[in-house]
Amino acid sequence: MFYTSRNTFEKCDGLMELIFLGTSAGVPTRTRNVTAILLNLQHPTQAGLWLFDCGEGTQHQLLSTSYNPGKLDRIFISHLHGDHLFGLPGLLCSRSMAGSMQPLTIYGPKGIQEFVETTLRLSSSWTDYPLDVIEISAGEILDDGLRKVTAYPMEHPLECYGFRIEEHEKPGALDAKGLKAAGVQPGPLFQDLKAGKTVTLEDGRQINGADYLAPATPGKVLAIFGDTAPCDNALELARHADVMIHEATLDMSMEAKANSRGHSSTCQAATLAREAGVSKLIITHISSRYDDKGCQRMLQECRDIFPATDLAHDYAVFSV
């Protein structure tokens, strides 16, 4: 289920939330800030608050939500263009001044470490919390046991990545009733059986846990694209994603201009969503040339190709 709030920030029920803090391309407008997306991973034992890109003013946008920058534990930077990056130094420093001691890891292309170190050094700033900056390349960049993140190179003037976030499969439920009928009583053996192991009972019988497990539940898949013109990696990044977030900088009439600058049109984003078999497309990174009426026209261009499309606006919240 997906939910979006148009004018105010509202919390949504669900295991994941996507919160758009900035949806404009290049420069902010009166109603849209530059790129930043929060991913709230709600889990009883291993929650996470991740930020994808950090355009100028991102910390100000956060002030209008219930999310505390001190709770951020991972930041993913798609590329080093300013509308995706210039909010990072201020956010890092404010987080420290607020007294946060939560460790933070930043992932980004080559140059992200130099950017962070240089801006902190030249401004005589520092962070009191553990800060790790990891320069990434194509491939898997993270696996925290519950989910993995894979970086895919995009087609853009600067080194740029899109990110595929995949939850690991959830083990199927154990058929406790069936096990009791087979003479296995609840206890320590259930843990091994839940893991699919074979156990030996006191009477010598062997019970294979796999025979008493329901099918595993596939995890959710999110595809968050950086800036890009159509490219070979896009289909693999987006394939069968539950949600695909893709830039739609310009409308279909300006497709050639978009591509010449490493961007995509509405129609190209929607066509990719259809070909990749995604469940939901959210378009963002809209040029400042479009007013509300123009944005609705862009949304319709996408829906004509891929009906399950939504247009992100600042403070829109989607529950997955």
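No experiment lies behind these values; they were computed from the predicted model shown. Position numbers for residues start from 1 in each chain and track the written sequence from start to end. Only residues with pLDDT of at least 70 get local features here, since the model is predicted, and only at 80 or more are side-chain atom pairs given and counted; chain-wide, interface and lining totals rely on the full set of residues. Side-chain descriptors were evaluated using all non-hydrogen atoms of the structure, hydrogens and water having been removed beforehand.

Undergrad: Hey, could you go over the UniProt feature "binding site: Zn(2+) 1" (unreviewed entry) in the protein chain for me, with residue numbers and the actual values?
TA: According to UniProt, the feature "binding site: Zn(2+) 1" (unreviewed entry) maps to H79, H81, H156 and D227 in the numbering used here. A stretch of 149 residues holds the annotated residues, and the largest C-alpha distance among them is 10.3 Å, short enough that they meet in one place. Only DSSP runs of H or I reaching four residues or more are called helices, and only runs of E reaching two or more are called strands; each is numbered from the N terminus. Assignment of secondary structure puts H81 in the loop between strand 5 (74–76) and helix 2 (88–97). By definition, residues are in contact when any of their heavy atoms lie within 4.5 Å. For H81, the residues in contact, after removing those within four places along its chain, are H156 and L158. The residue H156 is located in the loop between strand 9 (147–153) and strand 10 (161–167) in this model. Relative accessibility thresholds used throughout: buried, under 20% of the residue-type maximum; exposed, over 50%; partly exposed, between the two (1.4 Å probe, protein chains only). When its relative accessible area of 11% is taken as the criterion, H156 is described as buried. Those residues within four positions of H156 in sequence are excluded, and the remaining contacts are H79, H81, D227, T228, R261, G262 and H263. UniProt positions are given in the numbering used here, feature names are shortened, and annotations may be inferred rather than shown by experiment.

Undergrad: Please provide a residue-by-residue account of the side chain of S78, values included.
TA: Here S78 shows up in the loop between strand 5 and helix 2. Distance and chemistry together define a polar contact, namely a pair of N or O atoms within 3.5 Å, with one atom able to donate a hydrogen and the other to accept it when in protein, and with adjacent residues in sequence counting only for side-chain atoms on both sides. Within the local environment of S78, its side chain forms a polar contact with the side chain of H79, the two groups lying 2.9 Å apart. Apart from the residues lying within four places of it in its own chain, the contact partners of S78 are D53, H84, P109, E159, C160, Y161, F163 and G226.

Undergrad: I'd like a rundown of unusual backbone geometry, residues and numbers included.
TA: Backbone geometry places S124, a non-glycine residue, at a positive phi of 50°. Positioned with a positive phi, H240 is a non-glycine residue whose angle comes to about 55°. Residue placement: H240 occurs in the loop between helix 6 (234–238) and strand 14 (243–247). Looking at H240, the relative accessible area reads 57%, which means it is exposed.

Undergrad: Report on the sheet that holds strand 9, specifying residues and quantitative values.
TA: Here a strand pair is declared whenever DSSP counts at least two bridges between the two strands. On the basis of which strands lie adjacent, the open sheet formed by seven strands has the order 8-9-10-13-14-15-17 and mixed pairing. Each having just a single partner strand, strand 8 (139–143) and strand 17 (309–311) make up the two edges of the open sheet. Pairs of neighbouring strands in the sheet enclose a mean axial angle of 20°, with direction left out of account. Alignment of strand 13 (residues 221–224) against strand 14, held across three bridges, turns out to be parallel. By the bridge assignment for strand 14, A223 is matched with M244. Whenever a helix is involved, its axis is fitted only over the stretch in contact; in every case the axis is a line through C-alpha atoms, and angles between N-to-C directions fall within 0 to 180 degrees. Set on the sheet, helix 9 (residues 292–305) makes contact with strand 15 (281–284) and strand 17; between it and strand 17 the angle comes to about 165°.

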